[in-house]
Amino acid sequence: MVPREVSSLIGMQYCLLGTFFVVILNYGGTSMDGKTQVVEAIKKALPDVNQEDIESKIERPKDNKNGDYAFPTFFLAKIKHQAPQMIAADLVKEIDQSGFENVVVAGPYINFFLNKAQIAAGILSDIITDPENYGNANLGNGGNVPIDMSSPNIAKPMSMGHLRSTVIGNSLANILTKVNYNPIKINHLGDWGTQFGKLMAAYKMWGSEEEVKADPINTLQKYYVRFHQEDKENPALDDDARAWFRKLEDGDEEATYLWKWFRSESLKLFMKIYDLLGIDFDSYNGEAFYNDKMDEVVQMLEDKGLLQESKGAEIVDLEKYNLNPALIKKTDGATLYITRDLAAAIYRKRTYNFVQSLYVVGNEQQNHFKQLKAVLKEMGFDWSDDIHHIPFGLITQGGRKLSTREGRVILLENVLDDAINLARKQIAEKNPDLKNADEVAKQVGVGAVVFHDLKNERLNNFDFNLEEVVRFEGETGPYVQYANARAQSILRKAGNPDLTNVNMELGDADAWEVIKMLGQFGETVQRASREYEPSVIAKYSLQLAKGFNQYYAHTKILVDDDEKLARLALVTAVSDVLKSSLSLLGVQAPDEM
RNA sequence: GGAGCGCUAGCUCAGCUGGAUAGAGCAUUCGCCUUCUAAGCGAACGGUCGUGAGUUCGAACCUCACGCGCUUCACCA
């Protein structure tokens with residue numbers, strides 16, 4: 001019952017890394033951002049209003065004819081006993097306009113137009129001088145954040161549901177790194193439980209070694225489904241399964257051998273998918289890892305007098321949290337899911353001394369995590385508040401929940417293969433001379449699937465539709481990748497000139513629309529980290545790609561004039577930020593496609 | 001019944017802490033490759049923001065009630 005060798009090794013290595021993770025990063029740019037400038041100007045004209053009020057009222061107009069920032073004066077009407085229009089008209093006279101291109105009254109609003117060329121140069125220069133660190137912030141002070149993610153079940157194929165947990169967790173890890181947390185990606189494998197009893201029973205009845213070796217997961221899956229079909233007719237099968245699981249728990253040689261074998265075969269196949277996705281983990285400590293750590297937890301509960309007997313089972317009452325009691329031990333003395341998770345939570349606190357602990361697990365388990373936190377709270381662990389369940393919506397097919405038992409699954413492998421093949425076909429059509437076409441097809445195909453999963457709010461359910469997932473046009477991953485590839489293509493044609501010291505002042509409206517978005521990257525990253533929401537980044541990348549495509553369509557970049565190098569700086573900066581955004585999502589950005 | 005999430009254009013979804021005529025993509029129709037990648041750009045069409053009250057100078061957003069959908073509610077994970 002010793003968990004995988006690999007896992008403990010990697011876990012240990014990590015701890016060391018975590019301890020030494022002190023890095024000096026460049027946080028944010030050097031130029032003053034537009035909003036601060038607006039706040040300063042208003043503050044001087046309104047000395048008796050406090051700064052927070054001003055800051056909170058300032059907004060970014062949807063329509064750019066209303067300026068880059070706007071200040072509504074409604075809230076001053078009561079204080080000044082004047083109509084907002086009057087206040088705005090008076091106020092604008094008091095404002096020092098020297099740092100702006102224009103400051104105008106529009107009814108009850110004061111609209112600020114920034115000095116575009118100057119701000120543009122500041123933003124572009126910030127990006128180009130240090131593209132890697134552009135948008136970084138120090139929100140986390142290097143604190144450890146274990147992320148429980150992916151967590152597929154051994155002997156079952158990875159489904160679209162696991163993809164969600166995997167890519168959301170991975171993206172959150174990337175985002176948290178950018179705001180200076182130290183994420184620890186934990187693959188909490190489903191490598192223990194009564195399903196192994198069923199699997200062993202099924203294998204002994206109908207299985208063969210050759211068959212399993214040829215196609216491990218699908219074969220095991222087949223046994224599992226068949227077991228569930230037949231035990232409806234023949235309930236005695238369940239007793240057989242229970243007996244096998246008992247054997248496993250008691251360390252029976254054959255059972256243990258089969259367990260290890262199933263586990264390692266499964267893991268091999270999972271690794272292929274993780275490689276394709278470009279995702280790795282810091283720990284593979286799954287459920288089995290906590291087998292020997294639950295007694296202590298039960299003892300602690302006992303010592304603190306939290307354990308009660310109810311209907312023959314051991315529970316922790318959570319009445320005062322308005323929750324159902326947490327079942328710690330079954331009538332037969334066996335532990336349950338929550339017991340294991342309690343052990344895991346405590347282990348993680350001890351091992352990583354986390355500042356936050358995240359669980360990227362489906363929305364349908366939210367009750368479980370509420371209970372988990374409540375029990376830890378009852379145990380006197382204040383750090384229970386640092387545990388956050390990051391739920392995500394259900395994937396359905398034809399409106400129905402996917403069910404492994406009923407064999408209704410969407411195999412992730414198939415989806416990825418379909419996407420890659422389609423990408424390969426498109427390349428053959430649109431860019432037949434591309435050298436590393438197979439590699440790019442992988443990047444584009446996988447990118448489409450991953451991006452599709454991250455583009456909408458986590459909690460939205462979605463009904464699986466292959467055509468939609470592997471779509472390459474419109475609001476998709478390939479759309480963003482394509483914008484970057486176009487940018488790279490221009491830079492190649494221009495001979496990749498050194499741009500570090502060129503004049504980057506661009507004042508035209510088309511360029512400004514793009515540059516303004518570039519300037520919003522940092523706040524976007526912070527919002528994504530605050531809300532644990534990768535879709536914020538995905539949406540941003542789409543918007544930036546769209547802005548760039550528009551610029552590209554309307555502005556000829558490679559013409560020899562005074563602003564050519566400035567335009568190339570813009571193209572470089574766009575590519576840098578698009579790459580950063582995609583990388584935060586875990587999506588590759590090929591230079592050609 | 002308790003708890004949670006959702007309801008915005010034909011479909012899929014944005015809409016940041018309430019703010020100026022509610023925005024994209026897909027689909028449909030129509031334009032744009034004599035050279036920076038058309039996986040693109042542009043235009044048209046399309047919405048009583050589930051319903052009803054309330055708070056507010058102002059509500060898709062906040063409060064309450066109701067309707068519909070999904071998830072979950074002790075011996076699975």
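In the block above lies the structure referred to throughout.
These numbers come from a predicted model, not from an experiment.

(A) Main features of the side chain of Arg-263. Mapped onto the elements, Arg-263 comes out in helix 12 (residues 253-277). Relative accessible area serves as the criterion here: at 3%, Arg-263 is assigned to the buried category. Separated by 2.9 Å, the side chains of Arg-263 and Asp-191 make a polar contact.

(B) Main features of the packing of aromatic side chains. Summed over all chains, the structure comprises 20 aromatic pairs. A centroid spacing of 5.3 Å and a plane angle of 55 degrees characterise the contact between Phe-100 and Phe-112, whose relative ring orientation is tilted. Of this pair, Phe-100 sits in strand 2 (residues 100-106) while Phe-112 is found in strand 3 (residues 109-114), placing the two residues 12 residues apart along the sequence. The buried category is assigned to Phe-112, whose relative accessible area is 0%. Geometrically, the ring pair formed by Tyr-203 and Trp-261 is edge-to-face, given 5.8 Å between the ring centres and 70 degrees between the ring planes. Note that Tyr-203 is positioned in helix 8 (residues 194-206) and Trp-261 in helix 12, a separation of 58 residues in sequence. Trp-261 matches Tyr-203 in its accessibility class, with the two residues each being buried. An aromatic cluster of at least three residues, connected via ring pairs, comprises Tyr-203, Tyr-223, Trp-261 and Phe-262. Note that Lys-304 overlies the ring of Phe-381, its terminal NZ or CZ placed 5.4 Å from the centroid.

(C) Main features of the packing of helix 8 against helix 11 (residues 236-249). For the pair helix 8 and helix 11, the least separation of the axes is 7 Å and the interaxial angle reads 110 degrees. Judged on the interaxial angle alone, helix 11 and helix 8 are roughly perpendicular. Considering only the axes of helix 8 and helix 11, their crossing is right-handed. Touching Thr-194, Phe-196, Gly-197, Lys-198, Met-200, Ala-201, Lys-204 and Met-205 of helix 8 are Leu-237, Asp-240, Ala-241, Trp-244, Phe-245 and Leu-248, all from helix 11. Class assignment for the residues of the contact of helix 8 with helix 11 results in 9 nonpolar, 2 polar and 3 charged.

(D) Molecular detail of the side chain of Ser-529. For Ser-529, the position within the fold is in helix 21 (residues 521-531). Residue Ser-529 is classed as buried on the basis of its relative accessible area of 7%. Each residue touching Ser-529, except ones within four places of it in the same chain, is listed here: Leu-139, Ile-175, Leu-176 and Val-179.

(E) Summary view of the protein's contact with RNA strand B. Near RNA strand B lie 63 residues; those nearest to it are Tyr-109, Asn-324, Leu-327, Lys-330 and Tyr-482. Those atoms of RNA strand B that come within 4 Å of the protein belong to sugar or phosphate at a rate of 66%. Within the side chain of Arg-527, an N or O atom sits 3.4 Å from a phosphate oxygen of RNA strand B. The contact in question runs from a base nitrogen of RNA strand B to an N or O atom on the backbone of Tyr-552, over 2.5 Å. Among the secondary structure elements, those contributing two or more residues to the surface near RNA strand B are strand 3, strand 7 (313-316), helix 15 (366-378), helix 16 (412-430), helix 19 (477-493) and helix 22 (534-554). Split into classes, the residues belonging to the surface near RNA strand B amount to 22 nonpolar, 17 polar and 24 charged.

(F) Region of interest: a negative patch on the surface. Taken together, the side chains of Asp-215, Glu-413, Asp-417 and Asp-418 make up a negatively charged region of the molecular surface. Take Asp-417: it is sitting in helix 16. Note on Asp-417: relative accessible area 36%, which makes it partly exposed.

Here is what the cut-offs are and how they apply
Here the residue numbers are simple positions, counted from 1 along each chain's written sequence. The naming scheme follows written order: chains are lettered A onward, ligands numbered 1 onward. Where local features are concerned, this predicted model is filtered to residues with pLDDT of at least 70; where side-chain atom pairs are given and counted, the filter is 80 or more; whole-chain, interface and lining totals use all residues. The side-chain figures draw on all heavy atoms in the structure; neither hydrogens nor water molecules are used. Secondary structure elements are defined from DSSP: runs of H or I of at least 4 residues count as helices, runs of E of at least 2 residues count as strands, and each element is numbered from the N terminus. Each residue's exposure class comes from its accessible area (1.4 Å probe, protein chains only) as a fraction of the maximum for that residue type: buried when under 20%, exposed when over 50%, partly exposed otherwise. Two N or O atoms count as a polar contact when they lie within 3.5 Å, although within protein this holds only if one can serve as hydrogen donor and the other as acceptor, and sequence-adjacent residues are included solely when both atoms are side-chain atoms. For Phe, Tyr and Trp, rings pair up if their centres lie within 6.5 Å, where Trp contributes its six-membered ring, and each pair is then called stacked (planes under 30 degrees apart), edge-to-face (over 60) or tilted (otherwise). By definition here, charges over rings are those cases where NZ of Lys or CZ of Arg is within 6 Å of the ring centre and within 35 degrees of the ring normal. Lines are fitted to the C-alpha atoms to define the axes, a helix being fitted only along its stretch in contact, and any angle between axes, read from their N-to-C directions, falls within 0 to 180 degrees. Just so you know how the angles are binned, under 35 degrees is roughly parallel, over 145 roughly antiparallel, 65 to 115 roughly perpendicular, and the rest oblique. Whether a crossing is left-handed or right-handed is set by the direction in which the near helix is turned from the far one by less than a right angle, anticlockwise for left-handed and clockwise for right-handed. For this analysis, residues touch if any pair of their heavy atoms sits within 4.5 Å. Basically, the charged four are Asp, Glu, Lys and Arg, the nonpolar ten are Ala, Val, Leu, Ile, Met, Phe, Trp, Tyr, Cys and Pro, and anything else, Gly included, counts as polar. Whether a residue is near a molecule or strand depends on its heavy atoms: it is near if one of them lies within 4 Å of it. Like charges within 9 Å and nonpolar side chains (Val, Leu, Ile, Met, Phe, Trp, Tyr) within 5 Å are joined into patches, using only residues over 30% in relative accessible area that form no salt bridge. Only the protein chains shown count as cover for residues, and all accessible areas are computed by the Shrake-Rupley method using a 1.4 Å probe. Here, a salt bridge means any side-chain nitrogen of Lys or Arg that lies within 4 Å of a carboxyl oxygen of Asp or Glu. The convention is simple: Lys and Arg are positive, Asp and Glu are negative, and His and the chain ends are not counted. Think of each charge as sitting on NZ of Lys, CZ of Arg, CG of Asp or CD of Glu.

Shape is all these values report; function is a separate question.
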